[in-house]
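Summary of the model geometry
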Amino acid sequence: MFGQNAQLYSSFIILFLLFIVAPVSTAEEDALEIGSRRELFTDGHLIDKIDGSVELQVQQPVPKGVSLVADKPWEGNTSAYFTVFQDDDKYRMYYRGSHWLVDEEKAAHREVTCYAESSDGITWTKPELGLYEFDGSKKNNIVWNGPGTHCFTPFKDTNPNCNPDARYKALTADYRDGKRGLLALQSPDGIHWKLIQDEHVITEGYFDSQNLAFWDSNRMLYVDYHRTFINGVRSIMTCTSKDFVNWTKPVLLEYQEGSPNEHLYTNAVRLYDRAPHIYIGFPTRYLPNEGSRVEPLFMSSRDSINFHRYSAVPVVPESAPADRKGNRSNYMANGLLDLNVEPKHMSVYATEAYYEGPDNRIRRFQYRKDGFVALTADKSGGVVTTRPLKTTGGKLYLNYQTSEGGSIKVDVLDEDDELLPGMESVLVGDSIDEQLIFGKRRRTGLSAGVYRLRFSINNASVYAFRFSDK
């Protein structure tokens, strides 16, 4: 009897050991850990298989009205390097005020940093700050007139340990005493600024551009993106800092295989707030052999260094109104605003009429939320299957749009690529966050696990999805 029990006990131990050392399924090993976060199709990272006419298609925002005209005596036709961001119930805008006398080929006045604000992101005002004198008067919106007014680029610091006296920070290029580098500034209110130190904090690069920084909540570090030259081509570098003063050695951004080696002037890189694990950027392509014209592109990254850049189509073409064909007349501003008055859209801003004037302008453009790149198919249709996705479960929400006669069928597959019974949903319409209802039993939720999503797309587009109980 004892021997029989011992044998059973040994068998149990063997089975137990086999269980605890058994390899995890290949699908689960390869699964992307997405939890409940929103995922965008800004690149091919989520895609396992793609068939038919489906393609990743970069989108162009819709032009809206002119937001601001740089028509004050301290501004002018070469006002540039605009930055916009939301600050509680206010929107802030910073930009260079400058004017070029075309016939005389010289600057009309010293470059200054200007400030505007808005309650809705559409209509902007220039407050009289009374900080700096211009032509004998302080009745102006000049917010900084110290070293580095050429490309002053501020942000609101979201570091939870930020000193209140440095709640707003900025980088700006400085060329004093024959030395080139970036200066760091701070402000308690976004209006009254001072240098953090007199010495440059970053010195490797060229910097004649809109060099920017922000608090990276993914890495809990400050991150910078600035310009340099590599073999005569304008390129983008990045580095990080724990304190905004001491920065790591910069490294060059990398792009997907086959990307053209083209001049990239400004970069407008930022975390995308609705999916903060994704970095997006609007680098401005500079074309020196085509009259020095410029045009913004779109790119995205999941690690802050390796970017997928869409070079075939500019996101703001020259045909967008108006005066965008001239020398440096089509820069994208640094910033992406989620305006309360337009809950289904987000706004970006781009310049026009540079040099041509008499005054430079900045115009607002409107994106669909999450709508930077679309997974799109024409009437011939196509199918996309994602890689295995490890999720916390919950309801599935989709950002999509169908055209006339179009539809999207969504199937939920298990880790072995088999359709889960009843987990099919057909969509027609337009929504930025529609909850899917599956099958005749009208199921709405999934337990935590590993799944694939299969999208059968016909004359329609898919932009983003998420699993969530909210």
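Now for a quick tour of the structure. Remember, it's a predicted structure, so these values are computed and weren't measured experimentally.

Description of the overall build of the protein
Within the protein one finds two helices and 37 strands. If you line up the protein on its principal axes, its C-alpha atoms span 105 × 60 × 45 Å. Burial status across the protein gives 54% buried among its 470 residues. For the protein, the proportion of contacts with a sequence separation of at least 24, taken over those separated by at least 6, is 62%.

Here's the deal with the sheet that holds strand β28 (residues 345–352)
If you walk across this open sheet you meet the three strands as β5-β29-β28, and the pairing is antiparallel. Every other strand in the sheet has two partners, leaving β5 (62–69) and β28 as the edge strands with one partner each. Strand after strand, the sheet turns through a mean of 30° between neighbouring axes, direction not considered. Two elements, β28 and strand β29 (residues 361–368), share eight bridges in a ladder whose sense is antiparallel. If you follow Ser 347 over to β29, its bridge partner there is Gln 366.

Re the packing of aromatic side chains
Applying the stated criterion across every chain yields a total of 31 aromatic pairs. Between Phe 155 and Phe 244, the aromatic rings sit 5.8 Å apart at their centres with planes inclined by 55°, giving tilted as the arrangement. Of this pair, Phe 155 sits in strand β12 (residues 153–156) while Phe 244 sits in the loop between β18 (233–241) and β19 (251–252), and the two are 89 residues apart along the sequence. Assigned by exposure class, Phe 155 and Phe 244 land together as buried. Judged by centre distance (5.3 Å) and plane angle (10°), the rings of Phe 298 and Phe 372 are stacked.

Observations regarding the sheet that holds strand β25 (residues 293–296)
Sheet strands associate in pairs through backbone hydrogen bonding, adopting either a parallel or an antiparallel arrangement. The three strands are arranged β21-β24-β25 in an open sheet whose pairing can be described as antiparallel. In this open sheet, the two strands that pair with only one neighbour each are β21 (263–264) and β25. Bridge count for strand β24 (residues 284–287) against β25 is four bridges, and the pairing is antiparallel. Bridge pairing links Tyr 286 to Val 294 in β25.

Here we look at the nonpolar core
Core analysis: the largest hydrophobic core is formed by 36 residues, its most contacted members being Phe 214, Tyr 225, Phe 244 and Trp 247. In this structure, Trp 247 is in contact with Val 201, Ile 202, Ala 213, Tyr 222, Val 223, Asp 224, Cys 239, Thr 240 and Ser 241, ignoring residues within four places of it in sequence. Membership of the second largest hydrophobic core comes to 30 residues, among which are Leu 420, Tyr 451, Ile 457 and Phe 467.

Quick notes on unusual backbone geometry
Of note, the amide linkage connecting Pro 321 to Ala 322 takes the cis form, showing an omega dihedral of -15°. Tracing the sequence through the fold places Ala 322 in the loop between β27 (306–310) and β28. Each neighbour pair has its own omega, and for Gly 357 with Pro 358 the value is 15°, a cis peptide bond. Of note, Pro 358 is situated in the loop between β28 and β29. The backbone of Ser 304 shows a phi angle near 85°, a positive value even though the residue is not glycine. Relative to the helices and strands, Ser 304 is located in the loop between β26 (298–301) and β27. Note on Ser 304: relative accessible area 1%, which makes it buried. Its identity is not glycine, yet Arg 328 carries a phi of approximately 55°, on the positive side. In this structure, Arg 328 sits in the loop between β27 and β28.

A word on the pattern of salt bridges
Tallied over the entire structure, the rule returns 37 salt bridges. Residue Arg 96 pairs with Glu 111 through a salt bridge whose shortest N-O separation is 3.8 Å. Of the two residues, Arg 96 is situated in strand β7 (residues 90–97) and Glu 111 in the loop between β9 (106–107) and β10 (112–118); the sequence distance between them amounts to 15 residues. The structure contains a network of salt bridges with shared partners spanning Glu 262, Arg 285, Glu 290, Arg 293, Glu 295, Arg 309 and Glu 318.

Brief notes about the environment of Leu 287
Within the fold, Leu 287 resides in strand β24. Taking relative accessible area as the criterion, Leu 287 reaches 16% and is therefore assigned buried. Sequence spacing of Leu 287 and Arg 324 is 37 residues, and the spatial spacing of their C-alpha atoms is 13 Å.

As for the side chain of Asp 216
Summarising the element assignment, Asp 216 is placed in strand β16 (residues 212–216). By relative accessible area, Asp 216 is classed as buried at 0%. One polar contact links the side chain of Asp 216 to the main-chain amide nitrogen of Asn 218, over a distance of 2.9 Å. Sequence-distant contacts of Asp 216, that is, excluding residues within four places in its chain, are made with Leu 221, Val 223, Leu 271 and Tyr 279.

Thresholds, definitions, all that
- Residues numbered from 1 in each chain as written.
- Predicted model: local features only at pLDDT ≥ 70, side-chain atom pairs only at ≥ 80, totals over all residues.
- Heavy atoms only, no water.
- Helix = DSSP H or I, 4+ residues; strand = E, 2+ residues; numbered from the N terminus.
- Buried < 20%, exposed > 50% of the residue type's maximum accessible area, 1.4 Å probe, protein only.
- Contact = heavy atoms within 4.5 Å.
- Pairing = 2+ DSSP bridges.
- Axes fitted to C-alpha atoms, helices over the stretch in contact; angles between N-to-C directions.
- Phe/Tyr/Trp six-rings, centres within 6.5 Å; stacked < 30°, edge-to-face > 60°.
- Core = buried A, V, L, I, M, F, W, Y, C linked by side-chain atoms within 4.5 Å.
- Salt bridge = Lys/Arg side-chain N within 4 Å of Asp/Glu carboxyl O.
- Polar contact = N/O pair within 3.5 Å; in protein donor to acceptor, adjacent residues only side chain to side chain.

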